[in-house]
Amino acid sequence: MNNPIYIACDNEDKLLGHFFQSCHDKIREVAVENGFTYESLTSGYLTKGNVNNYTSEADEYVFSAFSHGTDDSLLCGKDTYIKANDNVKNFYSSVFYTFACYSANGIGKEFNESYVLGYVGYNNKAWVVPSYEDIFVKCATKGLVSYIEGKTLKESVSDLIAEYDYSLKNAKINPIYGFLLRNKQALVTIVNNEEKTINDEQM
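The structure presented is a predicted model; accordingly, all values stated were derived computationally and were not measured.

Undergrad: Got a minute to help me understand the sheet that holds strand β5 (residues 73-76) in this structure?
TA: Think of a sheet as strands paired side by side through backbone hydrogen bonds, with each pair either parallel or antiparallel. Taken together, three strands build an open sheet; the order of strands is β4-β5-β6 and the sheet is antiparallel. Unpaired on one side and paired on the other, β4 (68-69) and β6 (79-83) mark the two borders of the sheet. Where β4 and β5 come together, two bridges link them in antiparallel fashion. Counted as the bridge partner of H68 is L75 from β5.

Set out below in structure tokens:
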């Protein structure tokens, strides 16, 4: 069983800190509702050292990250806490879920060339419009919410895409349409165990 669920977020980011915190809070809420323990790694604690302390023994768990990113790293402020060809190997047996710009290009590529149970990320800029934050939070978290609620990895990815489609359908005359569409187009998913659920016993 994937236990606990790690939730990393750069809640002190000046631009998107509130959005990252809202995503964190949604995942925490669903984890508690479904009886899973969780570990929060917020800005003051979100360092490579702390991440490695929790994850250095590659195991089966859920790791979610809501922060800025680059092609090959996830960032808290200016500091890297996950980096391709460094500590991404800690997550090879996990479900790794992030809403971070560009990170699918390097981190996702490493997962694709190695092995990961499931991965969700973005290969381009991931957009957020703060005045419509609730819509972007739903789209950013839906796949992981479904997985924590017991759906298979395959179903969870389908639910994520369906959430984007639903939001796009309802935003056709809204200025956020283009941003949601870009996010959907940048979405990268890897599912190597389609029928895996969070409730399965570890092998």
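From this point, the narrative continues.
Undergrad: I would appreciate a short explanation of the pairing of strand β1 (residues 5-9) in the present structure.
TA: For a regular strand, side-chain orientation follows a simple rule: the groups alternate between the two sheet faces. Counting buried residues along β1, five of its five residues qualify, which places the element largely inside the surrounding structure. Every second residue of β1 is oriented toward a common face, with I5, I7 and C9 on one face and Y6 and A8 on the other, all of them buried. Pairing analysis gives four bridges linking β1 to strand β2 (residues 38-41), with the strands arranged parallel. If you follow Y6 over to β2, its bridge partner there is E39. After leaving β1, the chain enters helix α1 (residues 17-33) and then returns to the sheet as β2, a path that is right-handed. Pairing of β1 with strand β3 (residues 62-66), which is carried by five bridges, proceeds in the parallel orientation. Opposite Y6, over in β3, you have F63 as the bridge partner.

Undergrad: What is the right way to read the packing of aromatic side chains from this model?
TA: Each aromatic ring pair is characterised by the separation of its centres together with the angle its planes make. With the rule as written, the count across this model stands at 15 aromatic pairs. Look at F91 and F96: their rings are 5.1 Å apart centre to centre, the planes differ by 70°, and that puts the pair in the edge-to-face class. F91 sits in the buried class, given a relative accessible area of 0%. Ring centres of F111 and Y119 lie 5.4 Å apart, and the angle between their planes is 45°; on these two criteria the pair is classed as tilted. Grouping aromatic residues by their ring pairs yields a cluster made of Y6, Y54, Y61, F63, F91, Y92, F96, F111 and Y119. The ring of W127 carries the charged tip of K125 above its face, separated from the ring centre by 4.9 Å. R182 extends its terminal NZ or CZ atom over the ring of W127, reaching a point 4.9 Å from the ring centre.

Undergrad: What is the right way to read the sheet that holds β2 from this model?
TA: Overall, mixed pairing links the six strands, which are arranged β2-β1-β3-β7-β8-β9 in an open sheet. Every other strand in the sheet has two partners, leaving β2 and β9 (187-191) as the edge strands with one partner each. Across this sheet, the average inter-strand angle for adjacent strands is 10°, counted without regard to direction. Along the sheet face, helix α2 (residues 48-55) touches β1, β2 and β3 and points at about 165° away from the line of β2.

How each quantity is defined
- Residues numbered from 1 in each chain as written.
- Predicted model: local features only at pLDDT ≥ 70, side-chain atom pairs only at ≥ 80, totals over all residues.
- Heavy atoms only, no water.
- Pairing = 2+ DSSP bridges.
- Helix = DSSP H or I, 4+ residues; strand = E, 2+ residues; numbered from the N terminus.
- Buried < 20%, exposed > 50% of the residue type's maximum accessible area, 1.4 Å probe, protein only.
- Right-handed = clockwise from strand over helix to strand, strands pointing away.
- Phe/Tyr/Trp six-rings, centres within 6.5 Å; stacked < 30°, edge-to-face > 60°.
- Lys NZ or Arg CZ within 6 Å of the ring centre and 35° of its normal.
- Axes fitted to C-alpha atoms, helices over the stretch in contact; angles between N-to-C directions.
- Contact = heavy atoms within 4.5 Å.

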